[in-house]
Every structure is written in C-alpha cells, then in structure tokens.
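Commentary on secondary and tertiary structure
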Amino acid sequence: VFHTPELTPAEPTPDCAIAIDVLRATTTMATALNAGAEAVQVFSSIDELMQVSEAWLPEKRLRAGERGGAKVPGCDLGNSPLDCTPEVVGGRRLFISTTNGTRCLERVQHATTVLTGALINRSAVVSYLLQHQPELVWMVGSGWEGSFSLEDTVCAGAILYSLSQQLAASGQSLEAIAGNDEVFGAIALYTQWQDQLLQLLHHASHGQRLLRLNGHADLEYCAQTDILNILPIQKEPGVLIKQTL
Ligand code: MLT
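By convention here, each chain's residues receive numbers from 1 onward along its written sequence. Since the coordinates come from a predicted model, pLDDT governs what is reported: local features require at least 70, and pairs of side-chain atoms require 80 or more to be given and counted, while whole-chain, interface and lining totals use all residues. Where side-chain values are given, they derive from all heavy atoms of the structure, hydrogens and water being excluded.

**A short note on the site of the ligand**
For the ligand, the set of nearby residues contains 13 residues, the closest of which are N79, T98, N100, G101 and H206. We call two N or O atoms a polar contact when they sit within 3.5 Å, provided that within protein one can donate a hydrogen and the other can accept it, with sequence-adjacent residues counted only if both atoms are side-chain atoms. In this structure, an oxygen atom belonging to the ligand sits 2.8 Å away from a side-chain N or O atom of R24. In short, Shrake-Rupley with a 1.4 Å probe defines the accessible areas, and a residue's cover is counted only from the protein chains shown. Out of a free accessible area of 270 Å², the ligand has 100% covered by protein chains. Class assignment of the residues belonging to the shell around the ligand gives a composition of four nonpolar, six polar and three charged. It suffices for a single heavy atom of a residue to lie within 4 Å of a molecule or strand for the residue to be listed as near it. Ten residues, namely Ala, Val, Leu, Ile, Met, Phe, Trp, Tyr, Cys and Pro, are considered nonpolar, four, namely Asp, Glu, Lys and Arg, are considered charged, and the remaining ones, Gly among them, are considered polar.

**Thoughts on the pattern of salt bridges**
Each reported salt bridge corresponds to a side-chain nitrogen of Lys or Arg within 4 Å of a carboxyl oxygen of Asp or Glu. Throughout the structure, instances matching the rule amount to four salt bridges. For R24, the salt bridge is made with D218, and the minimal N-O distance between the two is 2.7 Å. Within this pair, whereas R24 is found in the loop between β2 (16-20) and α1 (25-34), its partner D218 is found in helix α10 (residues 216-222), the two being separated by 194 residues in sequence. Pair check on accessibility: R24 and D218 agree, each one buried. Notably, a salt bridge pairs R93 with E38, separated by 3.0 Å at the nearest N-O pair. Labels follow the DSSP assignment, with helices taken as runs of H or I lasting at least four residues and strands as runs of E lasting at least two, numbered in each case from the N terminus. A simple rule labels every residue: compare its accessible area, found with a 1.4 Å probe on the protein chains alone, to the largest value its type can have, and call it buried under 20%, exposed over 50%, or partly exposed in between.

**Remarks on helix α9 (residues 205-212)**
Three or more residues of α9 are buried, namely H206, G207, R209, L210 and L211. Should any heavy atoms of two residues lie within 4.5 Å, those residues are counted as being in contact. For α9, the secondary structure elements touched by its buried residues are α6 (150-169), α8 (197-203) and α10. Looking one or two residues past α9, N214 carries a phi angle of roughly 65°, positive in sign.

**As for the side chain of T99**
Among the structural elements, T99 can be located in the loop between β6 (93-97) and α4 (101-107). Overall, T99 belongs to the buried group, its relative accessible area being 3%.

Below you can see the structure in the form of structure tokens.
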C-alpha cells in the first residue's frame, strides 16, 4: 500500500519510506554515492554536522551545507549534484545538511527500510519495490519548508507510474495498492509532464529560486530520468550507503 507524498502519515511505521527531494538533496545523494562516496550522513543542523564530522580526517570527509539554495559558508560544498565528481567525493563520507531534504530523511529514519528517490534513480527505486514488495510504503516529498512541491510530487508519480506499468503486466492493478488519493494525483501530474520535466522544474518555485542563483545546469541534470542505477539505502539512522541493483 503506497502513501504519497507530502504528508507523513502518523501511524503505523512503514516497512519502507522513500524520501524524495529532486531539487536537489536526493539527486545529490545518489550522484555522490555513484561517484564513489563511502557514505552520505545527513543532519538537520549545520552545527551538529560540523561537530560530528570533526572526528573524521579532513581527507576522508566532505562537508556539504545548503540553506535557501545557497552554499553555507565554511562548508566544502553546497548542494549541487554537479560538484559530486569521483575526484571530489571518491572514498570520502559526505556530511550533508540541506533546508528540507535532510530534515525529511530525519523524519522517516525509523522506518524499517529507508531509501532516497529522485528522477535520476527512479528505475532503481522501482526495481527495489518490485523485488522486495514491502507491505506499507510512504513516499515522502521534502517540499519547501512544510509546503507542497511540484518536483517531488512528479517524482513520486514517475515511480508509481513505472511500478503500475510493471504490475499491470502481471495482472495487478494500481487500485489494489494505492493507499490514498495522492497516488493518483501524482501519477496524473507525471503523465502530463513526462516529456517536459525540465520545463516543470522551471515552473516549480524552488526551480525558480535555483535559477535566480544560476542553477540552470543543476535543473538540467536533476530533470533526467533513470540515468543512475543506484539506490541510496539507510544502513543506520541518518547514514546512507549505496545498493547497486
Ligand atoms: C533542500 O533540501 O531543501 C534542497 O535540496 C535545497 C537545494 O536545492 O539545495
């Protein structure tokens, strides 16, 4: 049963939670793990990030901090996925704090399994769901400071659309697994925009914020679908590693 995407249901704890922040935290996490980062550790507070990462050798850590779309002074990186090249992140742990995405992950960290989803690794998320068939799934969009976001909902829709196509091939219907009406709303949003995802990111309020900060290349990268076969999965609360499928 799938619940998506903006409101975290109060009960019960899900078998699987998928945190989604297309612009840009979960896109950045998948990219960093694909580029060879040893792990990604998330924090809601920059102070805590600085304290915990202090125990790591400088050559083994990278500190990434973003607020309001901009890099936090004193951090090595902001939150651009394009900075996460093998040369920069290879063999290091990425300690990251962002405005919404890392808070979203902290909210769902008690689920039995925690994954992160973005458009770039949509097919990896779908493969995991088909293989493991978790009973109760939350798809939680990070939104912006508590409110709805177009890009996270369209990503939930992209995951659900692909899943429903594959379930239909084996005679199962989406109606049988949809836990709430948002599931159908997210799929409708995706089917309307699937060939114009970059344009959708340009319409999104956070997309516009990033464009004002010269984020054109980031939007182009984040709008791509199924380019990385990488699944960030939580191995302990707040720490994600890569599961290759
Ligand atoms: C967030 O966590 O709010 C975002 O990832 C913001 C950003 O684009 O850096």
